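# Descriptive structure summary
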Amino acid sequence: MSRQPDMFARAGEEQRQREAPLAARMRPRTLDDYVGQEHLVGEGHILRRLIEADNLPSIILWGPPGTGKTTLARIIAAMTKAEFAPVSAVSAGVADLRRIVGEAQERRAIDGRRTILFIDEIHRFNKAQQDAVLPYVEDGTITMIGATTENPSFEVIGPLLSRSRVFALKALEAEQVAVLLRRALASDEKLIAQQIAFDEEAIEALAASVGGDARIALNALEMSAASAPDKHVTRALVEEALQHRTYLYDKQGDAHYDTISAFIKSVRGSDADATLYWLARMIESGEDPLFIVRRMVILAAEDIGLADPQALVVATACQQAVHFIGLPEGFLPMAECALYLATAPKSNSAMIAYQRAAEDVRATQGEPVPLHLRNAVTGLMRSMGYGKGYKYAHDFEGHVVEQEHRPESVAGHRYYEPGALGYEAKIKEWMEKRAGR
């Protein structure tokens, strides 16, 4: 009788496996079946060596969705002699962690066996939850495997991060996703039983349309098969199952910052085509258009500046236009502005000049304003010398006067060096002419 519950549990697990989504049913169970991440788990590479030697330290697997982080953790569980204790940071709390730690301590005391604690989406753990894990990672009670789509430098507390090795996983290439799709068609019992014909073009289109996310690809494959009206899946049916191309973009994560960085550097580098590519990538991914425009306003002052003062006017006009009309039509002024900025002459002289001046200000914060520059609004102030000796520039030739306008301690320090491009070339010429008077 004691075996009956085990039999029912085993039958229930088999039923759940059969009814699981295709991505779960096709989860590889060995490193040889694992697709992608050759730089980590390919023959002779470091993570594979650690797994095969059963000598894994605490690690954090960092990468985009659908790249195999959880799968890799489960493969480690199958290959290691340690007890595997998985939790999801979405639902687990400190009490769950303490229970696992208590069991790990007991297990270690009885037979010396290690415990691997797998924390899926570890970036969702707050500081207190991460602090609860830290002492037991440090003393070796548990070996931690964390999985995250967010940069662990920002999402994992420093002490825990310093005791873990971070392994960065890459988005799968389209060819690798296609391998997984063909494997599913050839080996999944449910798909085989349906006797569905898949066009090769449909497989290739699906593999190219998911941004390297194998989970989305496999589940879209299953949806396409389930909805095929004549047991024939074409490219059009795949596109309908996907609804739209999937973009690897997180409006609060690394993709957000990496993409805007690529956009800014393309504008700064005067590459008009790259500028449009990254702009379109952000807009099509649902980025806040006003965030993009704010960056363009900053860039107009920082990277173009006085080489083309009109750039700031164009950028602020773009901000007004996008705020007024919104999307989808807002892409028009955004594209116009981005191209204007990309093709404008570049200068960062205003930024450098300000930084030089600010450095002097920090060193001379207590210096009084020279008397001749002070505002003499009362007789007492005039009697104290306020404004005495001030020269009114418009009374002099060319409206320029030789007069010191700074405290004596910083007199003569040169902050602004005009560039030689665009309008700034005229400024440079005027300043040189003035200096030669």
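These lines cover the structure that appears in this document, whether it is placed above or below.

Cut-offs applied
Residues numbered from 1 in each chain as written. Predicted model: local features only at pLDDT ≥ 70, side-chain atom pairs only at ≥ 80, totals over all residues. Heavy atoms only, no water. Helix = DSSP H or I, 4+ residues; strand = E, 2+ residues; numbered from the N terminus. Rg over C-alpha atoms; globule rule 2.2 N^0.38 Å. Buried < 20%, exposed > 50% of the residue type's maximum accessible area, 1.4 Å probe, protein only. Pairing = 2+ DSSP bridges. Axes fitted to C-alpha atoms, helices over the stretch in contact; angles between N-to-C directions. Core = buried A, V, L, I, M, F, W, Y, C linked by side-chain atoms within 4.5 Å. Contact = heavy atoms within 4.5 Å. Salt bridge = Lys/Arg side-chain N within 4 Å of Asp/Glu carboxyl O. Phe/Tyr/Trp six-rings, centres within 6.5 Å; stacked < 30°, edge-to-face > 60°. Left-handed = near helix turned anticlockwise from the far one by under 90°. Right-handed = clockwise from strand over helix to strand, strands pointing away. Expected span 1.5 Å × (residues − 1).

## Let's talk about the overall build of the protein chain
From N to C terminus, the protein chain includes 22 helices and 7 strands. Here the C-alpha atoms of the protein chain give a radius of gyration of 32 Å, more than 25% beyond the 22 Å that 2.2 N^0.38 yields for 437 residues. Over its C-alpha atoms, taken along the principal directions, the protein chain stretches across nearly 110 × 60 × 40 Å. Out of the 437 residues belonging to the protein chain, those deemed buried represent 41%.

## Concerning the environment of F154
Position of F154 among the secondary structure elements: in helix 8 (residues 152-155). According to the relative accessible area criterion, F154 is exposed, its value standing at 66%. Distance in space between the C-alpha atoms of F154 and Q320 is 34 Å, their sequence separation being 166 residues.

## Some remarks on the sheet that holds strand 5 (residues 165-168)
The 5 strands are arranged 2-3-4-1-5 in an open sheet whose pairing can be described as parallel. Among the strands making up the open sheet, the edge pair consists of strand 2 (83-88) and strand 5. Each strand of the sheet is rotated relative to its neighbour by a mean of 15 degrees, with strand direction disregarded. The sheet contact formed by strand 3 (residues 115-120) and strand 4 (residues 143-148) spans 5 bridges and is parallel. In the strand pairing of strand 4, I119 is matched with G146.

## Some remarks on the nonpolar core
Of all hydrophobic cores here, the largest spans 29 residues; its most connected members are L181, L206, L221 and V233. Going through the elements one at a time, helix 2 (22-25), helix 10 (174-187), helix 12 (200-208), helix 13 (214-227) and helix 14 (235-242) are the ones with two or more residues in this core. Take this core: its biggest share by element is 6 residues, from helix 13. Look past the residues within four positions of V233 in its chain and what remains in contact with it is I196, A197, F198, D199, A202, S224, A225, A228 and V238. In terms of nonpolar packing, the next biggest core, distinct from the first, is built from 25 residues, I260, I264, A311 and V314 among them.

## Section: the pairing of strand 1 (residues 59-62)
The sheet contact formed by strand 1 and strand 4 spans 4 bridges and is parallel. Residue pairing for strand 4: L61 is matched across the bridge by A147. Bridging between strand 1 and strand 5 involves 4 bridges; their strand directions are parallel. Across the sheet, the residue bridging to W62 is A168, located in strand 5.

## Section: the pattern of salt bridges
Side chains carrying opposite charge are able to pair once their charged atoms draw close together. Taken as a whole and judged by the stated rule, the model has 16 salt bridges. R48 is the salt-bridge partner of D32, the closest N and O atoms lying 2.9 Å from each other. Residue D32 is located in the loop between helix 2 and helix 3 (38-41), and its partner R48 is located in helix 4 (residues 46-52); the two are separated by 16 residues in the primary sequence. One salt bridge connects R182 with E200, and the closest N-O pair in it is separated by 2.3 Å. With a gap of 18 residues between them, R182 in helix 10 and E200 in helix 12 connect regions that are remote in the sequence. Taking relative accessible area as the criterion, R182 reaches 35% and is therefore assigned partly exposed. On the accessibility criterion, E200 (36% relative accessible area) is partly exposed. Each of D32, E43, R48 and E52 takes part in salt bridges that share partners, so that together they form one network.

## Considerations on the packing of aromatic side chains
In total, this model carries 2 aromatic pairs according to the counting rule given. On the basis of an interplanar angle of 20 degrees and a centroid distance of 6.0 Å, the ring pair of F84 and F118 is categorised as stacked. In this pair, F84 sits in strand 2 while F118 sits in strand 3, placing the two residues 34 residues apart along the sequence. A residue is classified by how much of its surface remains accessible, and F84, at 18% relative accessible area, is buried. What makes F118 buried here is its relative accessible area of 4%. Between Y277 and W278, the aromatic rings sit 4.8 Å apart at their centres with planes inclined by 80 degrees, giving edge-to-face as the arrangement. Given the relative accessible area of 46%, Y277 is considered partly exposed. For W278, a relative accessible area of 21% puts it in the partly exposed group.

## Digging into the packing of helix 10 against helix 13
Contact geometry for helix 10 and helix 13: axes closest at 10 Å, N-to-C directions at 35 degrees. Once helix 10 is placed against helix 13, the crossing between them reads as right-handed. Of helix 13, the residues touching helix 10 (which contributes V177, L180, L181, A184 and L185) are A214, A217, L218 and L221.

## With respect to the pairing of strand 2
With 6 bridges joining them, strand 2 and strand 3 adopt parallel strand pairing. By the bridge assignment, S88 is partnered in strand 3 with D120. The parallel pair strand 2 and strand 3 is bridged by helix 6 (residues 94-111), and the resulting crossover is right-handed.

## A look at helix 10
Taking 1.5 Å per residue as the helical rise, helix 10 with its 14 residues ought to reach 20 Å, and the 20 Å between its terminal C-alpha atoms agrees with that figure. Among the residues of helix 10, Q176, V177, A178, L180, L181 and A184 are the ones counted as buried. Packed against the buried residues of helix 10 are helix 2, helix 3, helix 11 (189-194), helix 12 and helix 13.

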